[in-house]
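The chain contents come next:
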Amino acid sequence: MYEQVHAVDPEIAEVLDLELARQRSQLEMIASENFTSPAVMQTMGSVLTNKYAEGYPGKRYYGGCVHVDQAETMAKKRAMALFGAERANVQPHSGSTANMTAYLSFLKPGDKILGLSLSHGGHLTHGHPVNFSGLLFKAVHYEVDRESETIDYDRLREQARTERPRMIVGGASAYPRFWDFEALRSIADEVDAILLFDMAHIAGLVAGGVHPNPVPFCDVVTSTTHKTLRGPRGGLILSTKEHFKAIQKMNFPGIQGGPLMHIIAAKAVCFHECMQDSFKEYAGKTVENAAVLADALLEKGFKLVSGGTDNHLLLVNVTNKGLTGQDMENLLDKVGITANKNTVPFDTQSPFVTSGVRLGTPALTTRGMGPEQMKRIASIMDRAVAAKDDEDALAGLRGESEELCREFPLYGNLT
Ligand SMILES: *Cc1c(COP(=O)(O)O)cnc(C)c1O
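Not measured: the values here are computed from a predicted model. (Residues numbered from 1 in each chain as written. Predicted model: local features only at pLDDT ≥ 70, side-chain atom pairs only at ≥ 80, totals over all residues. Heavy atoms only, no water.)

Focus on the site of the ligand
Formally: Neighbouring residues are identified by heavy atoms, a residue being near a molecule or strand if any of them is within 4 Å of it. Side-chain atoms alone can form a polar contact between residues adjacent in sequence; in general such a contact is a pair of N or O atoms within 3.5 Å, and within protein one must be able to donate a hydrogen while the other accepts it. Each accessible area is a Shrake-Rupley result for a 1.4 Å probe, and residues are judged covered by the shown protein chains and nothing else. Put simply, DSSP marks the helices as runs of H or I at least four residues long and the strands as runs of E at least two long, and each gets a number from the N terminus on. By the convention adopted, Pro, Cys, Tyr, Trp, Phe, Met, Ile, Leu, Val and Ala count as nonpolar, Lys, Arg, Asp and Glu as charged, and the other residues, Gly among them, as polar.
Around the ligand, the structure places 13 residues, and the nearest of them are Gly95, Ser96, Ser173, Asp198 and Lys227. In the environment of the ligand, an oxygen atom lies 3.5 Å from a nitrogen or oxygen atom belonging to the side chain of Ser94. Between the ligand and Lys227 there is a distance of 2.7 Å, counted from an oxygen atom to a side-chain nitrogen or oxygen. Compared with its free state, where it exposes 390 Å², the ligand has 86% of that area covered by protein. Take the shell around the ligand: its biggest share by element is three residues, from helix H5 (residues 95-106). Here the shell around the ligand is built from residues that sort into two nonpolar, nine polar and two charged.

A short note on a nonpolar patch on the surface
The test is simple: Each patch groups residues whose relative accessible area exceeds 30% and which form no salt bridge, using 9 Å between like charges and 5 Å between nonpolar side chains of Val, Leu, Ile, Met, Phe, Trp and Tyr. By convention in these notes, a salt bridge is any Lys or Arg side-chain nitrogen within 4 Å of a carboxyl oxygen on Asp or Glu. Residue burial is assigned from relative accessible area. The probe radius is 1.4 Å, only protein chains are included, and a residue is buried under 20% of its type maximum, exposed over 50%, and partly exposed in between.
Residues Ile12, Val15 and Leu16 make up a contiguous nonpolar surface patch of roughly 230 Å² in combined accessible area. According to the relative accessible area criterion, Val15 is partly exposed, its value standing at 47%.

Some details on the domain arrangement of the protein chain
As a reminder of what qualifies: Delimitation of the domains relies on an automatic or database domain assignment. Note on contacts: a residue pair is in contact if any heavy atoms of the two residues lie within 4.5 Å. The term buried area means the drop in 1.4 Å probe accessible area that two parts suffer when joined, counted for both and summed.
For the protein chain, the assigned domains are domain 1 (41-274) and domain 2 (282-407). Contact residues are listed per partner, giving 24 residues for domain 1 and 24 residues for domain 2. Both sides of the domain 1 and domain 2 interface together cover about 2000 Å² of buried area, and 59% of this is carbon and sulfur. Broken down residue by residue, the surface that domain 1 buries against domain 2 is led by Glu149, Pro176 and Arg177, which jointly contribute 30%. At the boundary of domain 1 and domain 2, one finds one salt bridge.

Comments concerning the sheet that holds strand S11 (residues 303-304)
Heads up, the condition is: Between any two strands, pairing holds if DSSP finds at least two bridges. Only C-alpha atoms enter the line fits that serve as axes; for helices the fit covers just the stretch in contact. Angles between N-to-C directions range over 0 to 180 degrees.
Taken in spatial order, the four strands make up an open sheet running S11-S12-S15-S14, and their pairing is antiparallel. Of all strands in the sheet, those bounded by a partner on one side alone are S11 and strand S14 (340-342). Strand contacts of helix H12 (residues 277-299): S11, strand S12 (313-317) and strand S15 (356-360), with the helix running at about 15° to S12, the strand carrying the most contacts. Docked against the sheet, helix H13 (residues 325-334) engages S14 and S15, running at close to 45° with respect to S15.

Side note on the pattern of salt bridges
One pass over the full model with this rule turns up 16 salt bridges. For Arg157, the salt bridge identified is with Glu190, shortest N-O distance 2.7 Å. Pair noted here: Arg157 is in helix H7 (residues 153-163) and Glu190 is in helix H8 (residues 181-190), with a separation of 33 residues, a long-range link. Across the salt bridge formed by Glu190 and Arg161, the nearest N and O atoms sit 2.4 Å from each other. Placement of Glu190 in helix H8 and of Arg161 in helix H7 is noted, with a sequence separation of 29 residues between them. Given a relative accessible area of 43%, Arg161 falls into the partly exposed group. When salt bridges that share partners are traced, they join Arg60, Asp69 and Glu72 into one network.

Concerning helix H16 (residues 391-407)
The criterion, for reference: The length a helix should cover is 1.5 Å for every residue beyond the first. It is the directions from the helix axis to the C-beta atoms whose arc is reported.
The first and last C-alpha atoms of H16 sit 25 Å apart over 17 residues, in line with the 24 Å expected at 1.5 Å per residue. Listed in full, the buried residues belonging to H16 are Leu394, Leu397, Ser401, Leu404 and Cys405. Seen along its axis, H16 keeps its buried residues to an arc of 100°; they face one direction. Counted as exposed and oriented over 90 degrees from the buried face of H16: Asp392 and Arg406. On its buried side, H16 packs onto helix H2 (10-25), strand S1 (27-28), H13, strand S13 (337-338), helix H14 (362-367) and helix H15 (371-386). The distance from a side-chain oxygen at the start of H16 to the backbone nitrogen of Asp392 is 3.2 Å, and the residue carrying that oxygen is Asp390.

Comments concerning the sheet that holds strand S10 (residues 235-239)
Spatially, the seven strands line up as an open sheet ordered S4-S10-S9-S8-S7-S5-S6, and their pairing is mixed. Strands with a single pairing partner mark the edges of an open sheet, and in this sheet they are strand S4 (87-89) and strand S6 (138-142). Mean inter-strand twist for the sheet, computed between neighbouring axes without regard to direction, equals 20°. Alignment of strand S7 (residues 167-170) against strand S8 (residues 194-198), held across four bridges, turns out to be parallel. Looking at the pairing, Ile168 lines up with Leu195 of S8. Taken strand by strand, H5 contacts S7, S8, strand S9 (220-224) and S10, and its axis lies near 165° from that of S9. On the sheet, helix H10 (residues 241-255) packs against S4, S9 and S10 and is oriented at approximately 10° with respect to S4.

Quick notes on the packing of H7 against H8
We count it as follows: Roughly parallel means an angle under 35 degrees; roughly antiparallel, over 145; roughly perpendicular, 65 to 115; everything else is oblique. Each crossing gets its hand from how the near helix is turned against the far one by less than a right angle, where anticlockwise is left-handed and clockwise is right-handed.
One way to put it is that H7 packs onto H8 with a least axis distance of 10 Å and a crossing angle of 20°. Of the possible angle classes, the one that applies to H7 and H8 is roughly parallel. With respect to the hand of their crossing, H7 and H8 are arranged in right-handed fashion. Side by side, H7 and H8 meet where Tyr153, Leu156, Arg157, Ala160 and Arg161 of the first sit next to Ala183, Leu184, Ser186, Ile187 and Glu190 of the second. Of the residues belonging to the contact of H7 with H8, the class tally is six nonpolar, one polar and three charged.

In structure tokens, the structure reads:
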């Protein structure tokens, strides 16, 4: 594998080999990760990386853009068709830059934004003080309800009435429930705010028809392309025709320089893959797997934030198991399961310790795993907690995880 890298740089080639081996032999349950297709990876590694193409198709600041223009035009058309959007900008380098572009297309520094708190499932770019979004704008946050651990839209409405934000930001990185876009739209209308929804986590579920689509309700929708959407690492902005001009200008020359044409072409491949029936099936199985995993964990006495899941992820509060999120992350690592510690709503632990772990099914579902494997994984987790100080038992469980991985080979014919 990676022969050409081996010939030039054996040290980095070894990193690539080891990472491939790691991905093959561990149960990948980080909710924001996935295994993109060989076609997407081949496009990312193509000659398109050599091309400068500042500007937009037909309006570039460089010559020789005839072919990359075609790739970008196709990526845009496919993104619009996939999500039913009036307009698409496929140039953002990442989810974070997509958000920066979207904010600055509508807001001036100092304007007020209202987003979900990071510790209740939101994202750093939704106004956290250490992030540009919190530094540049006056950010206020909504939270989930203490009892239901879901968003209380009546409370959000009251908060919006009091705060009068210029923009309301929906979307999350650790929220296991459906969003109510009608409610968000009605709240935004009532206080005359712009409505932005960041669907970074759930875009693939929206594309696959297993999560409601925010696009018809929002002024602007941002996303990543590498999470449930299973494409190259990158960002995306969808908007109405009315707001598109401002977004185009803010993306370039406002924030970014030359677009990553190899990534944009790979986004086009990703969108094409997402339009196939096989992807709808994938999205459905991802959600089904999360539901099965949730039920199996509940049966074993694990506590789930909001009591379950509607999407691809679950948030497990491990306090009742006598563990912190950090303990659980370490324990899962020992038994061959990769996941991340995560704060739970109203967490009393620090963000470095936390009381929870976030588990996602997108990557395992791509490997072909189904309900039976989810039940086995819940059992491995349960037995790992029971045997947390017994290194031999944990090694045995790690063997079980590796066996599961062998049953569902990854990148078997990667060249
Ligand atoms: C992952 C994520 C982002 C950031 O995407 P990057 O590509 O990592 O910059 C933004 N918003 C949400 C809700 C996310 O989950």
